[in-house]
Amino acid sequence: MHEMAIVDSLFQIINVKVKEHQIRKVLKVKLKVGEMTAVEDMTLTACFEVYAQNTVVEGAELVIERVPLQGKCRQCTKVFQVHNYNFQCPQCESRSVEIVAGRELYIENLEVEK
Ligand SMILES: [Zn+2]
């Protein structure tokens, strides 16, 4: 499962931080998740809760912030929001489009108790 692997790597990062800063409890985990990652909130939350069990993360709130898919036209440099994976520039109709947002998947913020 896609989400399980993601949560696994998120917890590796969290665990390093927990050790580094001697965190006793994690209260909130804020994630940035791009539209392109095709991650489902419900599944992600469920996996998160499984991993959090019996750790300092148990009971923490998982906040998922979605990042919409954005493209930038290589012809006219217009930046636009991509809908339904239609990578065509609305200004010049070029299909040479670079993805500038929507692929992120990282922890933006950890709220902790020391
Ligand atoms: Zn264009």
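Keep in mind it's a predicted model, so treat the numbers as computed, not measured.

### Overview of the UniProt feature "binding site: Zn(2+)" (unreviewed entry) in the protein
In the numbering adopted here, UniProt assigns the feature "binding site: Zn(2+)" (unreviewed entry) to C73, C76, C89 and C92. These annotated residues cover 20 residues of sequence, and their C-alpha atoms all fall within 8.6 Å of one another, placing them together at a single site. Positionally, C73 belongs in strand β3 (residues 70–73). Overall, C73 belongs to the buried group, its relative accessible area being 2%. When near neighbours in sequence (up to four residues on either side) are disregarded, C73 contacts K78, F80, C89, C92, S94, S96 and V97. Residue contacts for C76: discarding those within four places in its chain leaves C89, Q91 and C92.

### A few points about the sheet that holds strand β4 (residues 79–81)
Sheet architecture is open: three strands sit in the order β4-β3-β5, paired in antiparallel fashion. For this open sheet the edge positions go to β4 and β5 (97–101), each flanked by a neighbour on one side alone. Along the sheet, successive strands turn relative to each other by an average axial angle of 35°, direction set aside. As paired elements, β3 and β4 share three bridges and run antiparallel to each other. Note that in β4 the partner of Q70 across the bridge is Q81.

### Section: the side chain of K32
Within the secondary structure, K32 is located in strand β1 (residues 25–34). Only 2.9 Å separates the side chain of K32 from the side chain of E65, close enough to count as a polar contact. Non-local contacts of K32, meaning those with residues more than four positions away in its chain, are made with E65, V67, E104, L105, Y106 and E108.

Rules of the game
- Residue positions are given per chain, counting from 1 as you read along its sequence in written order.
- Restriction of local features to residues with pLDDT of at least 70 applies here, the model being predicted, together with a cutoff of 80 or more for giving and counting side-chain atom pairs; totals for whole chains, interfaces and linings are based on all residues.
- Note: side-chain values were computed over all heavy atoms of the structure, leaving out hydrogens and water.
- UniProt positions are given in the numbering used here, feature names are shortened, and annotations may be inferred rather than shown by experiment.
- Runs of E in the DSSP output that reach at least two residues are strands. Runs of H or I that reach at least four are helices, and both are numbered from the N terminus.
- With a 1.4 Å probe rolled over the protein chains alone, any residue whose accessible area is under 20% of its type maximum counts as buried; one over 50% counts as exposed, and the rest are partly exposed.
- Note on contacts: a residue pair qualifies if any of its non-hydrogen atoms lie within 4.5 Å across the two residues.
- Paired strands are those between which DSSP finds at least two bridges.
- Whenever a helix is involved, its axis is fitted only over the stretch in contact; in every case the axis is a line through C-alpha atoms, and angles between N-to-C directions fall within 0 to 180 degrees.
- We define a polar contact as two N or O atoms separated by no more than 3.5 Å, with the added condition that, inside protein, one atom must be a possible hydrogen donor and the other a possible acceptor, whereas residues neighbouring each other in sequence contribute only through side-chain atom pairs.

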